[in-house]
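Okay, here's what each chain looks like letter by letter:
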Amino acid sequence: MQDRYRLPRAVVPARYDLVLEPDLEAATFAGTAEIAVEVHERVDEIVVNALDLTIEKASIRSDGSGDIRVSDVTIDEELQRATLTLESTAEPGSWTLALTFRGDLNDQLHGFYRSTYTDDDGTHTIATTQFEAADARRAFPCWDEPDLKAVFGITLVVPEGVVALSNGPEVAREPAGDGRARVRFADTMSMSTYLVAFVVGRLEITEPIDVDGVPLRLVHLPGKGHLSKFALEAGEFSLRFFTDYYGIPYPDRKVDFVALPDFAQGAMENTGLITYRESLLLVDPMHATQPELEDIADVVAHELAHQWFGNLVTMRWWNGIWLNEAFATFMALLTVDAWRPDWERWTSFGRYNTSAKEVDALRSTRAVEYPVHSPDDASGMFDVLTYQKGAAILRMLERYLGADRFRDGIRLYLARHAYGNTETHDLWHAIEESSGEPVRRIMDQWIWQGGYPLLTASPADDGISIEQHRFVADGGSDHAVWDVPLRVRALDGDETSVLVPADATMAPASAGAAVVVNAGASSFVRVRYEGGLLERLTDRLPELTPLERYGLVDDHWAAVTSGAAPATEFVAAASRFGDDDDLAVWQLLLHGLGWCDRFLEGDHRERLRAFVRGLVAPAMDRLGWEADADEPDRTRALRGALLQGLGVLGADPNAESAARVFEAEARAGKPVDASLAAAAVNVVAFNGDATDYEHFWTAFRESPTPQEQYRYLFALPLFRDPELLERTLDATFGDDIRSQDAPFIFMYAMINRDLGERAWAALRSRWDETQERFPSQLTIRLVDGTRYLTKPEQVAEAEAFFAEHPIPQSAKMLEQMLERQRVAAALRERATPDLEAYFSG
Ligand SMILES: [Zn+2]
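Visitor: Quick one: what's the story with the overall build of the protein, residue by residue and with numbers?
Guide: Of the regular secondary structure elements, the protein holds 26 helices and 29 strands. Relative to the compact-globule value of 28 Å for 841 residues, the protein shows a C-alpha radius of gyration of 28 Å, a close match. Overall size of the protein, expressed as C-alpha extent along the three principal axes, is 90 × 65 × 55 Å. Considering the protein as a whole, with its 841 residues, one finds that 61% of them fall into the buried category.

Okay, here's the thing in structure tokens:
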């Protein structure tokens, strides 16, 4: 059956010649398109996608048959298409469709949109694009479906002296009269519409770096070139890494990275013209924390990974977005791990993996892949299950098969499908062919079934018996089972791969052996150890990898949230990790303790704070309160996490005074370790008054890097004075805060332990304003803090409010957010009396 959202295939495009003339002052654009099409059967009309465009003229012509006028253009807003009625029937053959159209540069950060910045000369407009998933249709009439690939010949008519960029390199520039230039770009490879891009504005470009014949540049606002070096280095490494890994040269002619002041998502992999949020591209490594640098390296590698996997070989339809994104996420981890092994990228991935497991444990989780019909279905796929769970299950497969066999399958897949479109099973077939393992059978269960297993390991006569049940956040279960590719490691012996089938399985182990089930924490499972198996491991914690220790803490906290273990047991177990030196382990301990802190008041809370100080201060003292010059980056980051844990969760006055010194020095431009400076900002905000608040605003406006700006901006909602919160929330509707950032301010404000309730009230009363001003792609971020409000009346309010105010573009994520709120509310109910008894003196 023809899906109503899919275009008819009687006429399909082969090549687009586009001329676009943006008027930066008026925020409008005019365009013409000459589209070479193949008419496959006799037609009286041609249907294309178009949205918020005025089509002024249209006709088709053919060398053999002459011209046919378009007598009528009807627009269907709901299906986002235009039907061009022909004056006479077009016979099968090659035709050219000619269109003239115009539209507005919108402020919604999608389609062809307007971004602005202000300098001493005034306010300047950048005209730029964001087309994925289905917004190319807002810039030009097109067959806006990923399998209708075509070559794009793009020309931009722009004011003289203004930078104009598109996917291909510039090949010609000539005066167009009236102070404008006509800039033509090289033809693209045959590719999908969502990968087309143009950027026009007063910008600067770095000198190209020659990466084995591919010129790599970075495009930025005037005066920011000194912040470009790190991303270019990451880009250079990644380009070479992928060329080698994929065994295929870079498929296009050049790479430009563009840092945009207004950008809804993180970045976009447009072929040869990759666009980013400024904070994910521009950085001064001396003033950035390791996690901030890691984010940039990740995103750079991710978008370059797509140039092959996604751009050269593309999903047939949007149900395949998950594979596109999961694979690029996985490849970014692999690349960054190769670039900076000292960052232990797979260990820090543990935190992302946890966030996917939290969502995937819900009743309202979804299968990784699902049928996609409408554009809203497609936008719902850009979530933690696509990116993080998807990457995690690819990692599981890679570990199980071995890195080389997995890579050989990827090479086969890309070579076989270059310039084409695929379904997910094409990848499994290729890896199956190269590895000889039943990859499709295994992966189908992980792709088409939501959730994941809890493996229960217990000692048996001749080894370790492993049973599986689905792990469900509310403590229940169901009958889902998986074939689990698993690595099992005896601390005194070998590591082996086993495939855990639906029924109980046996991993060989000698009696009394200490065995890590899920060695390297590389499978997407949780583990419960029974019959003394856990103690055998916790007695020998230093012999576990950081990620394995992380897994123990993570699974323990998950047992608490699902009701299988009391919160007090987690608190008691935390003490055993006091000697740990790994960042991810500590982040997780502090995360669990942070939830406990939400459930206690008065003396009980003071005793929890004392417990946190008793746990964290010795670790901080061991590290030292100042960074050494030659210290590993992750050690610095750990110090920052500990400072924040002490100063916020532990309410430690020493930490607060140290933080005040670090923050003031950093703000004054003195050299302070970035991790300490970043943590100090949060500690000062938590303890801060109106004077601090003013300083933060100034620092936000004047900070020389995007990272420092964001530290101050996103610390504003952490202040605990209700009046300051009002001011912060008001500002999200003003000129100081960009609409790309405003939703996150609300999110952090609702996470504020003391003022979240007020932020929630403000969100409800100003909902219409938020919907008018903030980009719709970010509405789900705007509301995400709601799940931290865990009193019964708040749960009921949220249920009622979102029933009245649905978020159709993120319906599933909203449902999940509400379920997470209920799970957290149930945790509050169980844990509060338990913790009160524990911390009663
Ligand atoms: Zn991506």
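There's more to say after this.
Visitor: Give me the lowdown on the sheet that holds strand 7 (residues 93-104), citing residues and values where you can.
Guide: As summarised here, the arrangement of the 10 strands in space is 3-6-5-4-7-2-1-10-13-12, forming an open sheet in which the pairing is mixed. A strand with exactly one partner marks an edge of an open sheet, and here the two such strands are strand 3 (43-49) and strand 12 (170-177). Each neighbouring strand pair of the sheet contributes to a mean axis angle of 20°, computed without reference to strand direction.

Visitor: Please set out the coordination of the zinc ion residue by residue, giving values where relevant.
Guide: Under ideal tetrahedral coordination, the four donors around a metal are separated by 109.5 degrees; under ideal octahedral coordination, the six donors are separated by 90 or 180 degrees. At this site the zinc ion is bound by His-302 (NE2), His-306 (NE2) and Glu-325 (OE), with donor distances of 1.9 to 2.1 Å. Here the donor residues of the zinc ion share one chain and are spaced in sequence as H-x3-H-x18-E. Linking His-302 with His-306, this pair stays in helix 2 (residues 290-308), spanning four residues, or about one helical turn. Looking at His-302, the relative accessible area reads 8%, which means it is buried.

Visitor: Explain the pairing of strand 23 (residues 453-460) to me, using residue names and the numbers behind them.
Guide: Relative to strand 24 (residues 463-470), strand 23 is paired through eight bridges, and the arrangement is antiparallel. By the bridge assignment, Ala-457 is partnered in strand 24 with Ile-466. The turn joining strand 23 and strand 24, which pair antiparallel and follow one another in sequence, is formed by two residues. Summarising the sheet, strand 23 and strand 29 (residues 526-529) pair through four bridges and their orientation is parallel. Each residue of the ladder has a partner; that of Leu-454, found in strand 29, is Arg-526.

Visitor: Which residues make up the packing of helix 12 (residues 567-576) against helix 13 (residues 583-598), and what are the values?
Guide: Between helix 12 and helix 13, the least distance of the axes is 11 Å, while the angle of their chain directions is 140°. One finds that helix 12 runs oblique with respect to helix 13. As helix 12 packs across helix 13, the resulting crossing turns out to be left-handed. For the pair helix 12 and helix 13, contact is made by Ala-567, Phe-570, Val-571 and Ala-574 and by Leu-588, Leu-589, Gly-592, Leu-593 and Cys-596, respectively. The class makeup of the residues in the contact of helix 12 with helix 13 is eight nonpolar, one polar and no charged.

Visitor: Run through helix 14 (residues 602-623), naming residues and quoting values.
Guide: Residue pairs three or four apart in sequence face the same way in an α-helix, which turns once every 3.6 residues. Compared with the 32 Å implied by 1.5 Å per residue over 22 residues, the 31 Å span of helix 14 between its first and last C-alpha is a close match. At Val-616, helix 14 shows its maximal bend, which comes to roughly 25°, and the proline Pro-618 appears one to four places after that position. Of the residues making up helix 14, those classed as buried are Arg-605, Leu-608, Arg-609, Phe-611, Val-612, Leu-615, Val-616, Ala-619 and Met-620. At its buried positions, helix 14 is contacted by helix 12, helix 13, helix 15 (633-649) and helix 17 (674-687). A positive backbone phi angle near 90° is found at Gly-624, which sits one or two residues after helix 14.

Visitor: Please provide a residue-by-residue account of the pairing of strand 26 (residues 495-500), values included.
Guide: One ladder, built from six bridges, connects strand 25 (residues 484-490) with strand 26; its direction is antiparallel. Bridge pairing in strand 26 links Leu-486 to Val-498. The loop that links strand 25 with its antiparallel partner strand 26 comprises four residues.

Visitor: Explain the environment of Val-484 to me, using residue names and the numbers behind them.
Guide: Inspection of the secondary structure assignment puts Val-484 in strand 25. The class of Val-484 is buried, set by a relative accessible area of 0%. For the pair Val-484 and Phe-524, spaced 40 residues apart in sequence, the C-alpha to C-alpha distance is 8.5 Å. Excluding anything up to four places from it in sequence, Val-484 contacts Trp-446, Pro-453, Leu-455, Gln-468, Val-498, Leu-499, Val-500 and Val-525.

Visitor: Which residues make up the packing of aromatic side chains, and what values do they have?
Guide: For the structure shown, the criterion picks out 52 aromatic pairs. With a centroid separation of 6.0 Å and 80° between ring planes, the pair formed by Phe-131 and Phe-198 is classed as edge-to-face. Of the two residues, Phe-131 sits in the loop between strand 9 (122-130) and strand 10 (151-159) while Phe-198 sits in strand 14 (residues 198-201), which places them 67 residues apart along the sequence. With centroids separated by 6.0 Å and ring planes inclined at 85°, the aromatic side chains of Tyr-245 and Tyr-246 adopt a geometry described as edge-to-face. With respect to burial, Tyr-245 and Tyr-246 carry one shared label: buried. Cluster of aromatic residues (ring-pair linked, three or more members): Phe-230, Phe-237, Phe-241, Phe-242, Tyr-245, Tyr-246, Tyr-250, Trp-308, Trp-339 and Trp-343. Against the face of Phe-524 rests Lys-357, its NZ or CZ located 5.5 Å from the ring centre. Over the ring of Phe-686 we find Arg-720; its NZ or CZ atom is 3.7 Å from the centre of that ring.

Visitor: Quick one: what's the story with the pattern of salt bridges, residue by residue and with numbers?
Guide: In total, this model carries 74 salt bridges according to the counting rule given. The salt bridge partner of Arg-440 is Asp-444, with a shortest N-O separation of 3.3 Å. Here Arg-440 and its partner Asp-444 are both found in helix 9 (residues 439-448), four residues apart, which amounts to about one turn of the helix. On the basis of relative accessible area, Asp-444 is assigned to the partly exposed category, the value being 22%. In this structure, the salt-bridge partner of Arg-636 is Asp-673, at a minimum N-O distance of 2.8 Å. With a gap of 37 residues between them, Arg-636 in helix 15 and Asp-673 in the loop between helix 16 (653-667) and helix 17 connect regions that are remote in the sequence. The pair Arg-636 / Asp-673 is uniform in exposure class, with both members buried.

Visitor: Which residues make up the sheet that holds strand 11 (residues 163-166), and what are the values?
Guide: Strand order across the open sheet formed by four strands is 8-9-14-11, with antiparallel pairing between neighbours. The outermost strands of the open sheet, each flanked by one partner alone, are strand 8 (111-119) and strand 11. Strand-to-strand twist across the sheet, computed as the mean angle between neighbouring axes with direction ignored, equals 10°. Here strand 8 runs beside strand 9; their pairing, made up of nine bridges, is antiparallel. In the sheet register, Arg-114 faces strand 9, and the bridge partner there is Ala-127.

Calculation notes
Position labels on residues start from 1 in each chain and follow its written sequence. The model is predicted, so local features are restricted to residues of pLDDT at least 70 and side-chain atom pairs to those at 80 or more, both for listing and for counting; the totals for chains, interfaces and linings are taken over all residues. To obtain the side-chain values, all non-hydrogen atoms of the structure were used and water was disregarded. We count a stretch as a helix when DSSP gives it H or I for four or more residues in a row; a strand needs E for two or more, and each element gets its number in order from the N terminus. It is over C-alpha atoms that the radius of gyration is taken, and the globule rule equals 2.2 Å times the number of residues to the power 0.38. A 1.4 Å probe rolled over the protein chains alone gives each residue an accessible area, and that area as a share of the maximum for its type sets the label: buried under 20%, exposed over 50%, partly exposed in between. For two strands to pair, DSSP has to find at least two bridges joining them. Where helices are involved, their axes are fitted lines through C-alpha atoms of the stretch in contact, as for all axes, and angles between N-to-C directions lie from 0 to 180°. As a rule, N, O and S atoms within 2.8 Å of a metal are its donors, except that Na, K and Ca use 3.2 Å; water is not among the atoms, so sites may look incomplete. Here is the rule for angles: anything less than 35 degrees is roughly parallel, anything more than 145 is roughly antiparallel, 65 through 115 is roughly perpendicular, and the remaining ranges are oblique. Take the far helix as the reference: if the near one is turned anticlockwise from it by less than a right angle, the crossing is left-handed, and if turned clockwise, right-handed. Pairs of residues are marked as contacts when any of their non-hydrogen atoms sit within 4.5 Å. Polar here means any residue outside two lists: the nonpolar Ala, Val, Leu, Ile, Met, Phe, Trp, Tyr, Cys and Pro, and the charged Asp, Glu, Lys and Arg; Gly therefore counts as polar. Multiply 1.5 Å by the residue count of a helix minus one, and that product is the helix's expected span. We define the bend at each residue as the angle formed by axes fitted to the 7 residues ending at it and the 7 residues starting at it. Stacked, tilted and edge-to-face pairs are distinguished by plane angle, under 30 degrees for stacked and over 60 for edge-to-face with tilted covering the rest, among Phe, Tyr and Trp rings (Trp via its six-membered ring) whose centres lie within 6.5 Å. When the NZ atom of lysine or the CZ atom of arginine is within 6 Å of a ring's centre and also within 35 degrees of its normal, the charge is said to sit over that ring. Each reported salt bridge corresponds to a side-chain nitrogen of Lys or Arg within 4 Å of a carboxyl oxygen of Asp or Glu.

Purely geometric stuff here, so don't read any function into it on its own.
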